[in-house]
Amino acid sequence: MKLQRFALALAGVGMLAATAAAGPATAAVRSNPTPAIANPAEGNLKTTPTTKLATSGGCVQDVGFNTPTPGINDVLITPGKPPRGQWYGEFRFVGTRLNTTWYGVQTDAHLYYHGLFVQNGTLYRGVTYFDTEYPRPTYARIGSGWTSFTQLVTSNYAITAPNRSYLYGLSTNGSLYRYAASGATFRALGHFPGFQGFKAMTVISETPTYDTLLMTTKAGALWTVRIPAAASTKPILKLVRSTGFAAYESLAARECGDKGGTLVTGFDNDTDSAYQYAMSKFNGSTTAVTSYGRVPGGTIPGTGIFSVTGHWNQLVGE
């Protein structure tokens, strides 16, 4: 995350793995870390809707990933042909099967990142503090019943009231589920059938009235899936590309530029590698897609990637 990456202003990040706190996700931790995903703490926040935390200047994408240690690491990707990867040193975390976006928050007292993860079939909230020499991960159990999910992503609309945060899950039964953050837990909002052939997904738009997911199919197609906030409204699917994206087990997206562009990185678990794309404002098959190729300089030894951003950064890709 450049200056604001996990180990903010720390020297010798390679030492983190040996010294950072770690433990099972069921360890006694803070039961309700703040801000909860639905209600960010306010008042002493240094970040505001006009002060973005994650990166400063230009289009740079921060992509996190789990490691087998178990741990967490990230790579800062600057687009180009090839893209440039700035790889960091990992720190200890618990083993995770799925990770959602990590959102950064700076207060007068703390710098921390919060996100969700699944360990086995249980969903947890993780809050990792970077206000001491070494990262301090904490974990709070949300609930069981997540075994069938192969993908989880979060949207976070925080610019104007009413703020809202949704969790989307792709299940092995072929349905896409939506949940609304409610305090320290999540409230089911129903599901959408018809997603049997889909594989990887990420969020590319967060607005007051809809979210848009970018999803791949097992056959390699790339689709946008606009999901209106109204509970009774069905998703609107548009085909972006019919082939070329079958290799990716997970995706991460970041807004880029002032015209609604998006940087998208795909993770190929077979080669432990990441590939970056630049995409114009999404509009079905007319979307411009530029492939920058494989991110050099390191490998991703885990099972997936996730976005790392600031709490106030909004995705506007469609």
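First, a word on scope: everything that follows refers to the structure included in this document. All figures in this text were calculated on a predicted structure; none of them were measured in a lab. (Residues numbered from 1 in each chain as written. Predicted model: local features only at pLDDT ≥ 70, side-chain atom pairs only at ≥ 80, totals over all residues. Heavy atoms only, no water.)

## Notes on the overall build of the protein
Phase 1 of the analysis: Assigned secondary structure in the protein consists of one helix and 22 strands.
Phase 2 of the analysis: Looking at the protein as a whole, 55% of its 318 residues qualify as buried. (Helix = DSSP H or I, 4+ residues; strand = E, 2+ residues; numbered from the N terminus. Buried < 20%, exposed > 50% of the residue type's maximum accessible area, 1.4 Å probe, protein only.)

## Concerning the pattern of salt bridges
Phase 1 of the analysis: Enumeration over the complete set of coordinates arrives at five salt bridges.
Phase 2 of the analysis: Of the charged contacts in the structure, one is a salt bridge between Lys-199 and Glu-249, with a shortest N-O distance of 3.5 Å. With Lys-199 in strand E14 (residues 198–206) and Glu-249 in the loop between strand E17 (236–241) and strand E18 (250–256), this residue pair connects regions lying 50 residues apart in the sequence. (Salt bridge = Lys/Arg side-chain N within 4 Å of Asp/Glu carboxyl O.)

## Concerning the state of the cysteines
Phase 1 of the analysis: Counting across every chain of the model gives one disulfide.
Phase 2 of the analysis: Here Cys-59 engages in a disulfide with Cys-256; their sulfurs sit 2.0 Å apart. Torsion about the S-S bond of the Cys-59 and Cys-256 cystine: about 100°, corresponding to right-handed handedness. Within this pair, whereas Cys-59 is found in the loop between helix H1 (16–19) and strand E1 (61–67), its partner Cys-256 is found in strand E18, the two being separated by 197 residues in sequence. (Disulfide = S-S within 2.5 Å.)

## Examining the nonpolar core
Phase 1 of the analysis: Ranked by size, the top nonpolar core spans 16 residues in total, and within it Tyr-168, Leu-176, Phe-195, Met-201, Leu-213 and Met-215 carry the most contacts.
Phase 2 of the analysis: Those elements that place two or more of their residues in this core are strand E11 (164–171), strand E12 (176–182), E14, strand E15 (210–217) and strand E16 (222–228).
Phase 3 of the analysis: Setting aside its immediate chain neighbours within four residues, Met-215 contacts Leu-170, Phe-195, Phe-198, Ala-200, Met-201, Ala-221, Leu-222, Trp-223 and Val-225. (Core = buried A, V, L, I, M, F, W, Y, C linked by side-chain atoms within 4.5 Å. Contact = heavy atoms within 4.5 Å.)

## With respect to the packing of aromatic side chains
Phase 1 of the analysis: Across all of its chains, the model carries 20 aromatic pairs by this definition.
Phase 2 of the analysis: Aromatic side chains Trp-102 and Phe-306 sit 5.7 Å apart centroid to centroid with 25° between the ring planes, which places their arrangement in the stacked category. Placement of Trp-102 in strand E6 (residues 102–106) and of Phe-306 in strand E22 (residues 305–310) is noted, with a sequence separation of 204 residues between them. Both residues of the pair, Trp-102 and Phe-306, belong to the buried class.
Phase 3 of the analysis: Linked through ring pairs, Phe-91, Phe-93, Trp-102, Tyr-113, Phe-117, Tyr-124, Phe-130, Tyr-139 and Phe-306 together constitute an aromatic cluster. (Phe/Tyr/Trp six-rings, centres within 6.5 Å; stacked < 30°, edge-to-face > 60°.)

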